[in-house]
Amino acid sequence: MERLEVAEKALAVAQAGLAKAKADRERAEQLRDDALADIADGTTRHEAARAEVAAGISAPLLALYDRIRTQTGTSGAAALRHRACQGCRIELYGNELAAVRNADPHEVLRCENCSRILVRTAESGL
Ligand SMILES: [Zn+2]
């Protein structure tokens, strides 16, 4: 009789542990599903914002950007800040810097190191 009581207690403990584990799993699955929904929403918003920006860019420049992005697996463009490409962090100097300084503001320039399109701003240090 005593062995039966011990076994029933062990069974009750195991069943309680199983119930807690199931509840933990359900909670984790809900958190995962919520996170996936957030990611899907963010992706949708990001794609819409990108499409809006892309609509204002010339087709050849956008094609170049996409080609670089695909080939490098990174961004297709990077800011030029304080004479350094923010994509690869290499600072421009010498002839390369002079070429960037003297280039037409509308000319599309690319980083010689990482090939990204260099985006010149007031912070480019030119
Ligand atoms: Zn670069």
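Our structure's up above, just so we're on the same page.
A short tour of the structure in this document, coming up. (Residues numbered from 1 in each chain as written. Predicted model: local features only at pLDDT ≥ 70, side-chain atom pairs only at ≥ 80, totals over all residues. Heavy atoms only, no water.)

Thoughts on the coordination of the zinc ion
Stage number 1. Bound to the zinc ion on the protein side are C85 (SG), C88 (SG), C111 (SG) and C114 (SG), at distances that span 2.3 to 2.4 Å.
Stage number 2. What the four donor atoms of the zinc ion show is an angle range of 103 to 118° at the metal, which sorts the shape as tetrahedral.
Stage number 3. Read from N- to C-terminus, the donor residues coordinating the zinc ion fall into the pattern C-x2-C-x22-C-x2-C. Residue C85 is found in strand β2 (residues 84-85), and its partner C111 is found in the loop between β3 (109-110) and β4 (117-120); the two are separated by 26 residues along the sequence. The same class applies to C85 and to C111, which are both buried. (Donors = N, O, S within 2.8 Å, 3.2 Å for Na, K, Ca; no water. Tetrahedral: all angles 85-135°; square planar, octahedral: opposite > 155°, others 65-115°. Helix = DSSP H or I, 4+ residues; strand = E, 2+ residues; numbered from the N terminus. Buried < 20%, exposed > 50% of the residue type's maximum accessible area, 1.4 Å probe, protein only.)

Things to note about the side chain of R116
Stage number 1. The topology assignment puts R116 in the loop between β3 and β4.
Stage number 2. Within the buried set, R116 has no salt-bridge partner at all; the shortest N-O distance to an opposite charge, 12 Å, is to E96.
Stage number 3. In this structure the side chain of R116 is engaged in a polar contact, spanning 3.0 Å, whose partner is the side chain of T74.
Stage number 4. A distance of 3.2 Å separates polar atoms of two side chains, one belonging to R116 and the other to S75.
Stage number 5. Non-local contacts of R116, meaning those with residues more than four positions away in its chain, are made with I68, T74, S75, G76, A77, A78, G87, C88, L109, R110 and C111. (Lys, Arg positive; Asp, Glu negative; His and termini not counted. Salt bridge = Lys/Arg side-chain N within 4 Å of Asp/Glu carboxyl O. Polar contact = N/O pair within 3.5 Å; in protein donor to acceptor, adjacent residues only side chain to side chain. Contact = heavy atoms within 4.5 Å.)

Quick look at the sheet that holds β2
Stage number 1. Reading across from one edge, β2-β1-β4-β3 is the order of the four strands in this open sheet, with mixed pairing throughout. The outermost strands of the open sheet, each flanked by one partner alone, are β2 and β3.
Stage number 2. Note that β3 and β4 share two bridges and pair antiparallel. Bridge pairing in β4 links L109 to L118.
Stage number 3. Each of β1 (77-81), β3 and β4 is contacted by helix α2 (residues 59-72), which is oriented at about 120° to β4, the strand it contacts most. (Pairing = 2+ DSSP bridges. Axes fitted to C-alpha atoms, helices over the stretch in contact; angles between N-to-C directions.)

Notes on the environment of A103
Stage number 1. Structurally, A103 can be placed in the loop between α3 (94-102) and β3.
Stage number 2. Take A103: its relative accessible area is 14%, and that puts it in the buried class.
Stage number 3. If sequence neighbours within four positions are ignored, A103 has contacts with L109 and R120.

Coordinates in, geometry out; function isn't part of it.
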